[in-house]
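# Per-entry structural report
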Amino acid sequence: MSARTQNYRNRAQTRLDKAPLRQFTARFATAEEIENWDKHVTANPNGGNMLQSAAYASVKNGSGWKVRFLVLESPGNSSYNLVLEKSFPVLGRLWYLIKGPDLADAADVGPVLESVAAFVRGRKLNVFNIKVEPDIIDSDEVQKELRAANLVKAPNIQSNDSTALLDISGSEEAVFKAISSRARNAIRRAEREGCQVVRQEPGPETYRALYDLMVNTVSAKGSMPLRSYDYYAQFWDEFSNRGQGNFFFTYEDGKPSVGAFVINYGAKATYKDGGSTQNRKQYGDSHLVQWAAIRRMQELGCTEYDFCGTPPAARIKDKTHNLYGMGMFKTSFTKTVTDFVGCHDYVLSPLRHRLWVKGGEKIFRRIETARTGQQFY
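Residues numbered from 1 in each chain as written. Predicted model: local features only at pLDDT ≥ 70, side-chain atom pairs only at ≥ 80, totals over all residues. Heavy atoms only, no water.

### Comments concerning the pairing of strand S1 (residues 25–28)
- Here S1 shows a clear split, with Ala26 and Phe28 buried on one side and none of Thr25 and Arg27 buried on the other.
- In this structure, S1 lies alongside strand S2 (residues 66–74), joined through four bridges in antiparallel fashion. Each bridged residue has a counterpart across the sheet, and for Thr25 the counterpart in S2 is Glu73. (Buried < 20%, exposed > 50% of the residue type's maximum accessible area, 1.4 Å probe, protein only. Helix = DSSP H or I, 4+ residues; strand = E, 2+ residues; numbered from the N terminus. Pairing = 2+ DSSP bridges.)

### Brief notes about helix H13 (residues 350–372)
- The largest bend along H13 measures about 60° and falls at Gly359.
- When we look at burial in H13, the residues that qualify are His353, Trp356, Gly359, Gly360, Glu361, Phe364 and Glu368.
- The positive-phi residue at the C-terminal boundary of H13 is Gly373, with phi of around 75°. (Bend = angle between axes of the 7 residues up to and from the residue.)

### Here's the deal with the nonpolar core
- Core analysis: the largest hydrophobic core is formed by 45 residues, its most contacted members being Tyr56, Leu82, Phe235, Trp236 and Trp356.
- Ignoring anything within four residues of it in the chain, the contact list for Trp236 reads Tyr207, Leu210, Tyr211, Met214, Phe247, Phe261 and Asp273.
- Formed by 29 residues, the second largest nonpolar core is a distinct cluster that contains Leu97, Val112, Leu146 and Ala149. (Core = buried A, V, L, I, M, F, W, Y, C linked by side-chain atoms within 4.5 Å. Contact = heavy atoms within 4.5 Å.)

### Regarding the sheet that holds strand S8 (residues 198–200)
- One open sheet holds the seven strands; their spatial order is S8-S9-S10-S11-S12-S7-S13, and the pairing between them is mixed. Single-partner strands in this sheet number two, and they are S8 and strand S13 (337–339). The mean inter-strand angle of the sheet, taken between neighbouring strand axes irrespective of direction, is 35°.
- Where strand S10 (residues 255–265) meets strand S11 (residues 268–276), eight bridges bridge the pair, whose relative direction is antiparallel. Along S11, the bridge assignment pairs Tyr265 with Lys268.
- Where helix H9 (residues 204–221) meets the sheet, its contacts fall on S8, strand S9 (245–252), S10 and S11, and the angle it forms with S11 comes to roughly 70°.
- Across the sheet, helix H11 (residues 285–299) touches strand S7 (162–167), S8, S9, S10, S11 and strand S12 (304–306), and the angle it forms with S10 is around 30°. (Axes fitted to C-alpha atoms, helices over the stretch in contact; angles between N-to-C directions.)

### As for a nonpolar patch on the surface
- A cluster of nonpolar side chains, Val90, Leu351 and Leu355, forms an exposed patch at the surface whose accessible area comes to about 330 Å².
- Relative to the helices and strands, Leu355 is located in helix H13. (Patch = residues over 30% accessible without salt bridge, like charges linked within 9 Å, V, L, I, M, F, W, Y side chains within 5 Å. Areas by Shrake-Rupley, 256 points an atom, 1.4 Å probe, with all protein chains shown as cover. Salt bridge = Lys/Arg side-chain N within 4 Å of Asp/Glu carboxyl O.)

### What to know about the packing of aromatic side chains
- Counted under the stated rule, the structure contains 31 aromatic pairs.
- On the numbers, 4.7 Å between centres and 85° between planes, the contact of Phe376 with Tyr377 is edge-to-face. Note on accessibility: Phe376 and Tyr377 belong to one class, buried.
- The ring of Trp65 has Lys86 sitting right over it, with the charged end atom 4.4 Å from the ring centre. (Phe/Tyr/Trp six-rings, centres within 6.5 Å; stacked < 30°, edge-to-face > 60°. Lys NZ or Arg CZ within 6 Å of the ring centre and 35° of its normal.)

### A closer look at the pattern of salt bridges
- Overall, the coordinates contain 20 salt bridges when judged by the stated rule.
- For Glu85, the salt bridge identified is with Arg93, shortest N-O distance 3.5 Å.
- A relative accessible area of 4% places Glu85 in the buried class.
- Note on Arg93: relative accessible area 24%, which makes it partly exposed.
- Where Asp285 meets Arg280, a salt bridge forms, and the shortest distance between an N and an O atom there is 2.7 Å.
- With a relative accessible area of 1%, Asp285 lands in the buried category.
- Among the ionic contacts, a cluster of salt bridges with common partners joins Arg27, Glu33 and Glu73.

In structure tokens:
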């Protein structure tokens, strides 16, 4: 179990039971705050998320989305959140607080969204729906808070709304002991048999090598659809240029056999992208790549490693789930699957929201995909 998971659960048990709700205000960030965006986001109550970063803002801006930088404030506390905005005929604007709002407690969700609603109405921004997905661990108590905040459950968007989190705040030895014996044995065997992990510099050759491995994996297992090479190349470029992107490879017969891209953002590390060739001769190479990445993330000051996507905890052993194989691999490092609350809608215009969920979203997604060849979100 990661330290963050335990902290969330402790807060759920000992939350400010009868304390009055905090009051929040919302505003757009200043030019200085945007210039130093990552510094502010990583100081958020839960340390921010790489999908709220300046790098990700650069990836999304101009790709059909308008990026906005939102600051949520209460006495003695600030939370910096990335907003993706898209406009639609008749409906108006959709706001997507990707992996946000970043809050200290589920009880803050209602007051925060009231402040955001007041802000967009005051600015006459014509927002009909605010889509949120705070990294708050799911529980019965949290669900009560979300219902009290008038949130409506929407389909999840991000792959790591259920995920495996590993606490890497301890020593290398302590972290190694904490992972399963199956993972430790795989790592040791790979090392004994001479398998080596190579850290590669960012650039077109590295990007193409990893993308080809990802295509190979998806073609063999059909687990998740891939975006275009150009999208990934820009994504990897933006993070790498800020010192937040890391590439790890193993090789067989002189060719890349396993590859991974891992992001270091504040105290959080995220195994974002990976792929491999099939029917490899080396045993344990995938485990060794992750272990090399974990050790590097410790060197960079990260205290949590997100394996970025598993089936929900209730379905982790369900072989029919499309992420079953990934889930088995990732939970060999950390047995606990963390389920976040996922995506919800905060409805500002009930009529326009009904049009959205009754078919508007499907139509606009289909049009967007046909026009750009890219995924909608």
